[in-house]
Every structure is written in structure tokens, then in C-alpha cells.
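As a plain string of letters, each chain reads:
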Amino acid sequence: MAGRAASTRRPGAGPGGGGLLGVSAGNDSDWADNAGGFQGVGNVASSVMNSGYVGGKDVVAFYYYANYSGGYGCLKPGELYVDDLTRDHFTDGHSMNDNILSHQWVTESACAAGSFIS
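Quick caveat, the model's predicted, so the values are computed rather than measured.

**Overview of unusual backbone geometry**
Residues other than glycine seldom take positive phi values, yet Leu80 does so here, at roughly 65°. Here Leu80 shows up in the loop between β5 (69-75) and β6 (81-82). Backbone geometry at Asp98 places phi at a positive 60°, although glycine is not the residue there. One can find Asp98 in the loop between β6 and β7 (102-106).

Right under this line is the structure:
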């Protein structure tokens, strides 16, 4: 675990408006369940953050499906955050906006060319 990942909703989005969805120093296999740093918040993130430490597994891979499956998008620690996911897509072509269900810490080499978001 290289640091922590966080995600927020854009202001005014959906029921309850914006706000912090969760923070996790580790992996979270299902943002829609009641375990881990992200609980009951699947498919509502419109921005993401990587405030991890550089070295080892310091990239956060965000996934379209739970259990780290489907398309993914990777965020390097040097990017820090993506404030508008409407510009980004998973490796399978789906929009990342309001479509993240899991994340895990990986090495940069685990991410394919073209999978990095900014």
C-alpha cells in the first residue's frame, strides 16, 4: 500500500450533492458494498485522487467492475488528481465518470500504454 486513494462527487451531482466518497490506504474490491474505504458509493465518482508515496505499488488502477475486473484507468502519484472524469475512459472504452466500482494499488508496469488518466 503506497498511500491513499480518494474520490469525490462533483458538486450538485445526484442525491446529496458533492462530497467525499471515501479514502483508502489499501485496495477496495467493491465500492458498492459495506466494507473498505468506499462503502455504498459505486458508480458515483466524478473525480479521483492519488496521494500515495512514490515507489513500488504507487499507481492506483480504477476499474469498471467490482473485483478489479473489466476496463481500468491508472492514475500515477505525480498526477495527484483528476478533477473531471468525463474526459477519461476505461481501457474497454466506457466513460470513467460515474462508473468506478473498485480500485487497487499496482506498479506502473501493470498499466497498459494508453491506460493512464489525467
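**Brief notes about the nonpolar core**
Membership of the largest hydrophobic core comes to 18 residues, with the highest contact counts inside it found for Trp31, Val48, Phe62, Leu85, Met96, Ile100 and Ile117. Looking at this core, the element that brings in the most residues is strand β4 (residues 59-65), giving 3 residues. The residues contacting Val48, other than those within four sequence positions of it, are Ala6, Ser7, Phe62, Leu75, Leu80, Tyr81, Val82, Leu85, Ile100 and Ile117. Among the nonpolar cores identified, the runner-up in size contains 7 residues, and Val59, Tyr72, Val106 and Cys111 belong to it.

**Some remarks on the packing of aromatic side chains**
Geometrically, a pair of aromatic rings is defined through the distance of the ring centres and the angle of the planes. One pass over the structure, following the stated rule, counts 6 aromatic pairs. Between Tyr63 and Tyr68, the ring centres sit 5.9 Å apart and the planes meet at 65°, which makes this aromatic pair edge-to-face. On the accessibility criterion, Tyr68 (27% relative accessible area) is partly exposed. An aromatic cluster of at least three residues, connected via ring pairs, comprises Trp31, Phe38 and Phe62. The ring centre of Phe116 lies 4.7 Å from the NZ or CZ of Lys76, which sits over that ring.

About the criteria used
Residues numbered from 1 in each chain as written. Predicted model: local features only at pLDDT ≥ 70, side-chain atom pairs only at ≥ 80, totals over all residues. Heavy atoms only, no water. Helix = DSSP H or I, 4+ residues; strand = E, 2+ residues; numbered from the N terminus. Core = buried A, V, L, I, M, F, W, Y, C linked by side-chain atoms within 4.5 Å. Buried < 20%, exposed > 50% of the residue type's maximum accessible area, 1.4 Å probe, protein only. Contact = heavy atoms within 4.5 Å. Phe/Tyr/Trp six-rings, centres within 6.5 Å; stacked < 30°, edge-to-face > 60°. Lys NZ or Arg CZ within 6 Å of the ring centre and 35° of its normal.

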